[in-house]
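So you can see what is in the structure, the chains are spelled out below.
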Amino acid sequence: MKNSIKISLITVAFLSAVHAQESIVLVPLSIDSTAIKTDELKSTDAVEIYTAQDIEKAHVQNVYEFLGKASSLFVTSAYGNPFLQNIDLRGYGVNNGYQNIVVTLNGRKLNNVDMTPQLLSSISPDSIEKIEIIKSSGIVTAGDGANGGVINITTKQNNDKEVSFYGGTHGAADGSFYFGSHTDKLSISVNGEAQKNDGIREIENKNKDQNRFSTFGTNIIYNPLKDLELHLNASTTKTDVIYAGTMTANEYKQTPTQQGTVDYGFGPSLSSSTHQTYSSDAIALGGTYFINDALCVNLDVSNENKQSNYITYGSIYDSRYKSAKLSLEYTSDFYSWIIGFDKNNGNFTKESSTFDATKDNQALYMMNQFRFNDLTLKAGYRYETVNFDMKNKENKSDYLHGAELGINYLFDHSNSVFANYSHSYESASLDRLFSFFTSSYTGYVNPSKANNFEVGYNNIQKNNKLKISTYYIALSDEIYYYAGVNYAGAKNTNIDKSHKYGLDFYDKFIINKELNLALNYNYVQAIIDAEKASSTIDYSGSQLPGVSNHNIKATLTYLPNEATTLALTQSYRSEAYAADDFENNFAQKQDAYMSTDISATYAKKTWEIFAKINNLLNQKNGLWIHDDAIYPVNFTTTAIAGFKLKF
């Protein structure tokens, strides 16, 4: 099977070499969600941009699936929840990567004050206009948590109207809609989605790891005056998931769909499944006033309530978020700047418990950009205070500094080089300060700090888009979970010193009018320089667990006629140390991940039909926590087929 997958990769590479006819025209895409707008050829940062057309053609079940197959991000459902997945960028690991990435939706921050991943499933793929990934940068405007970078997602403002449905194996079913209306004064859109899966893995009482999900959102933009724009966004999302537990290596090799004899690595004394419901209700409103052609002021406020209910254990966690953003922005042909103030307040409580904590972030920032013909310079600074209120326990405050410097030189209309430096940080989540088992306060965890250095090259031709960047990240106090010996003495703490370095390579090649190839390759090394976990345990010199050194995604697209699109996608991640293996001495390692996916679409002006097979070769994949504690992930072949109507 491994040889078959290698052959498919070689075939993709061979096809790219033997065809070389120009057809579809590639152009630099604009970067619209950052503080100061530019395009990918002139950017001082390494960026990835994906448009509504890219997402539509992928026919993904959620945003996580698109990012996992199309972008350089490492994405995994970790413990089996398809609606709350972990994402990683530039080697922060399967456990903590998502906490080192800031994700925004129309400017609203989606990061949580607890250790719950960003709820990207609340964003229906049909509603997305653009996804922009800013690597190792963005700390000045995004703030706390942007060590690895920033993912900015913006939604549509147009007159599109469409509904889609699909069904698939294991009882998979989905229905979604997007209705938009756009005029000079008023833009309104509503979108919704409902999804369910009857489950694949067996658990006790002949049940399966089934899941349900629904979301609804609306966006309104109104221009009551020529120089005034008002906007409102609201959404509600609900998930219902049954998790299956871990299994031994032998069970995984035999039948990864079985129940397994262990759960979360603690043994069969605990329930072999966990039932969780999760909900989010968010509203954001704000406005922009254009003082003149060059100067405008922006104000945005938002409120969000979330609840996580672990029904199996009777544990209910509530979190409440309030945020406000005020900024003044100036733009001219030569010079642009933005000055802003951010405030984010998050409260996290556990019902029927004394667990009650609040994290309050406040920041001032300024970003500047200078443009001298072919030369672009960027400089920015952020000062942020983070206050922890543990309700009559040890309260703490952090005073953090973020900075960005960048340069881009444009050789001609197709070639540019860039270099940048940023100093970023990530403060502790509230639940890192408390015991998972007793909800008692366990002590303060220092914020991590990173110095990021990056250089890169862009080449954008009519038939080829090439991007290469290399980076080095030096960290102090990288946050991690020390599992102890059989979880005795387990705690959240800091790695004294660590570093990461790597290479990102992206190429999209329009071979001819029928064929095009997209290749994403990422190499990363994540090293622990100094960390003595206890008097007898020293992690110094180890590789950070859960980080694959090689990540490859290749998609070959064939268009035999104007209505038909066929795509073959190959994904590969190299083996890694198990998630808890900080000493790099476990008997079992994280296996390499491999998946071959194919899709077919037949599209007319007002309708299309599509079909997709994931993991065509039935490759076993899993997430290793430690020896004989494995969560199967994308471990069997699945398929969907459906249709979309456009009005």
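Residues numbered from 1 in each chain as written. Predicted model: local features only at pLDDT ≥ 70, side-chain atom pairs only at ≥ 80, totals over all residues. Heavy atoms only, no water.

Novice: How should the overall build of the protein be read in this particular structure?
Specialist: The helix and strand tally for the protein stands at six helices and 33 strands. Compactness check: the protein gives a C-alpha radius of gyration of 24 Å against a globular reference of 26 Å for 647 residues, within 12% of the reference. Viewed in the frame of its principal axes, the protein has a C-alpha envelope of about 65 × 55 × 45 Å. Counting over 647 residues, the protein shows a buried share of 55%. Long-range pairs, those at least 24 residues apart, make up 62% of the contacts in the protein between residues at least 6 apart in sequence. Taken as a whole, the protein presents about 26500 Å² of accessible surface, with 57% of it coming from carbon and sulfur. If the 55 positive side-chain charges of the protein are averaged to one point and the 69 negative ones to another, these points end up 2 Å apart. (Helix = DSSP H or I, 4+ residues; strand = E, 2+ residues; numbered from the N terminus. Rg over C-alpha atoms; globule rule 2.2 N^0.38 Å. Buried < 20%, exposed > 50% of the residue type's maximum accessible area, 1.4 Å probe, protein only. Contact = heavy atoms within 4.5 Å. Areas by Shrake-Rupley, 256 points an atom, 1.4 Å probe, with all protein chains shown as cover. Lys, Arg positive; Asp, Glu negative; His and termini not counted. Charge placed at Lys NZ, Arg CZ, Asp CG, Glu CD.)

Novice: Would you take a moment to explain the pairing of strand S21 (residues 396-410) for this structure?
Specialist: Sheet faces and side chains relate simply in a regular strand, where the side chains alternate between the two faces. Sheet analysis places strand S20 (residues 375-389) next to S21, joined by 14 bridges and oriented antiparallel. Residue pairing across strands places Lys378 opposite Gly406, the latter belonging to S21. In this sheet, strand S22 (residues 415-426) lies alongside S21 in antiparallel orientation, the contact comprising eight bridges. Pairing of Tyr409 across the sheet is with Val417, part of S22. The antiparallel pairing of S21 with S22 creates a hairpin that spans four residues between the two strands. (Pairing = 2+ DSSP bridges.)

Novice: Just to check I follow, could you spell out the side chain of Asn452 for this structure?
Specialist: Note that Asn452 resides in strand S23 (residues 448-460). A distance of 3.1 Å separates the side chain of Asn452 from the side chain of Ser424, its partner in a polar contact. Ignoring anything within four residues of it in the chain, the contact list for Asn452 reads Tyr92, Ser136, Asn147, Asn420, Tyr421, Ser422, Ser424, Tyr472 and Ile473. (Polar contact = N/O pair within 3.5 Å; in protein donor to acceptor, adjacent residues only side chain to side chain.)

Novice: Help me out: how do you make sense of the sheet that holds strand S3 (residues 47-51) in this one?
Specialist: Two strands in a sheet stick together by hydrogen bonds in their backbones, pointing the same way (parallel) or opposite ways (antiparallel). One open sheet accounts for five strands, arranged S3-S8-S9-S6-S7; its pairing is mixed. One side of each edge strand has no neighbouring strand; the edge strands of this open sheet are S3 and strand S7 (108-109). In the sheet, strand S6 (residues 101-105) pairs with strand S9 (residues 149-155) via five bridges, with the strands oriented parallel. Paired with Leu105 across the strands is Ile153, a residue of S9. Sheet strands in contact with helix H3 (residues 63-70) are S3 and strand S8 (128-135), and its direction is about 50° off that of S8. (Axes fitted to C-alpha atoms, helices over the stretch in contact; angles between N-to-C directions.)

Novice: Mind showing me how you'd approach the pairing of S6 here?
Specialist: The element S6 is extensively covered by neighbouring structure, given that five of its five residues are classed as buried. Pairing of S6 with S7, which is carried by two bridges, proceeds in the antiparallel orientation. Counterpart to Thr104 in the pairing with S7 is Lys109. Between S6 and S7, which pair antiparallel in sequence order, lie two residues; one of them, Asn106, sits at a positive phi of approximately 50°.

Novice: Hey, could you run me through the environment of Lys208 in this one?
Specialist: By secondary structure assignment, the location of Lys208 is in the loop between strand S12 (186-197) and strand S13 (211-225). Residue Lys208 is classed as partly exposed on the basis of its relative accessible area, which comes to 32%. For the pair Lys208 and Ala142, spaced 66 residues apart in the sequence, the C-alpha separation amounts to 40 Å.

Novice: Explain the packing of aromatic side chains here, please?
Specialist: To describe a pair of aromatic rings, you give the distance between the ring centres and the angle between the ring planes. Throughout the structure, instances matching the rule amount to 25 aromatic pairs. Look at Tyr335 and Phe370: their rings are 4.7 Å apart centre to centre, the planes differ by 20°, and that puts the pair in the stacked class. Taken together, the residues Tyr335 in strand S18 (residues 335-350) and Phe370 in strand S19 (residues 356-372) connect sequence positions 35 residues apart. On the basis of relative accessible area, Phe370 is assigned to the partly exposed category, the value being 27%. One aromatic cluster is present, built from ring pairs that chain together Tyr330, Phe334, Tyr335, Trp337, Phe370 and Phe372. Taking NZ or CZ as reference, Lys396 lies 5.3 Å from the ring centre of Tyr444, over its face. (Phe/Tyr/Trp six-rings, centres within 6.5 Å; stacked < 30°, edge-to-face > 60°. Lys NZ or Arg CZ within 6 Å of the ring centre and 35° of its normal.)

Novice: Got a minute to help me understand the side chain of Asn191 in this structure?
Specialist: Of note, Asn191 is situated in strand S12. When near neighbours in sequence (up to four residues on either side) are disregarded, Asn191 contacts Ser124, Ser127, Phe177, Tyr178, Thr215, Phe216 and Gly217.

Novice: Looking at this model, I keep getting lost on H3. Mind explaining?
Specialist: Side chains that are three or four residues apart share a direction in an α-helix, a result of its 3.6 residues per turn. Across the eight residues that make up H3, a large majority, six, are buried. Every buried residue belonging to H3 is among Val63, Tyr64, Glu65, Phe66, Leu67 and Gly68, and all of these are buried. If you check the start of H3, you find a side-chain oxygen 3.2 Å away from the backbone N of Tyr64, and it comes from Asn62.

Novice: Looking at this model, I keep getting lost on unusual backbone geometry. Mind explaining?
Specialist: Apart from glycine, the bulk of residues carry a negative phi angle, and the bulk of peptide bonds sit in the trans form. Its identity as a non-glycine residue notwithstanding, Asn106 has a phi of 50°, on the positive side. The class of Asn106 is partly exposed, set by a relative accessible area of 32%.

Novice: Explanation requested: the pattern of salt bridges in the structure shown.
Specialist: A side chain with one charge can pair with a side chain of the opposite charge if their charged atoms come near. Counted under the stated rule, the structure contains 27 salt bridges. One salt bridge in this structure joins Lys378 and Glu404, with 2.8 Å as the shortest N-O distance. Here Lys378 is found in strand S20, whereas its partner Glu404 is found in strand S21, with 26 residues between them in sequence. Accessibility assignment for this pair places Lys378 and Glu404 in one class, buried. In this structure, the salt-bridge partner of Glu478 is Lys500, at a minimum N-O distance of 2.9 Å. Taken together, the residues span a long stretch of sequence, with Glu478 in strand S24 (residues 464-482) and Lys500 in strand S25 (residues 491-510) at a distance of 22 residues. Since its relative accessible area comes to 1%, Lys500 is described here as buried. A single salt-bridge network, built from bridges that share partners, covers Glu48, Arg90, Lys135, Glu454 and Asp504. (Salt bridge = Lys/Arg side-chain N within 4 Å of Asp/Glu carboxyl O.)

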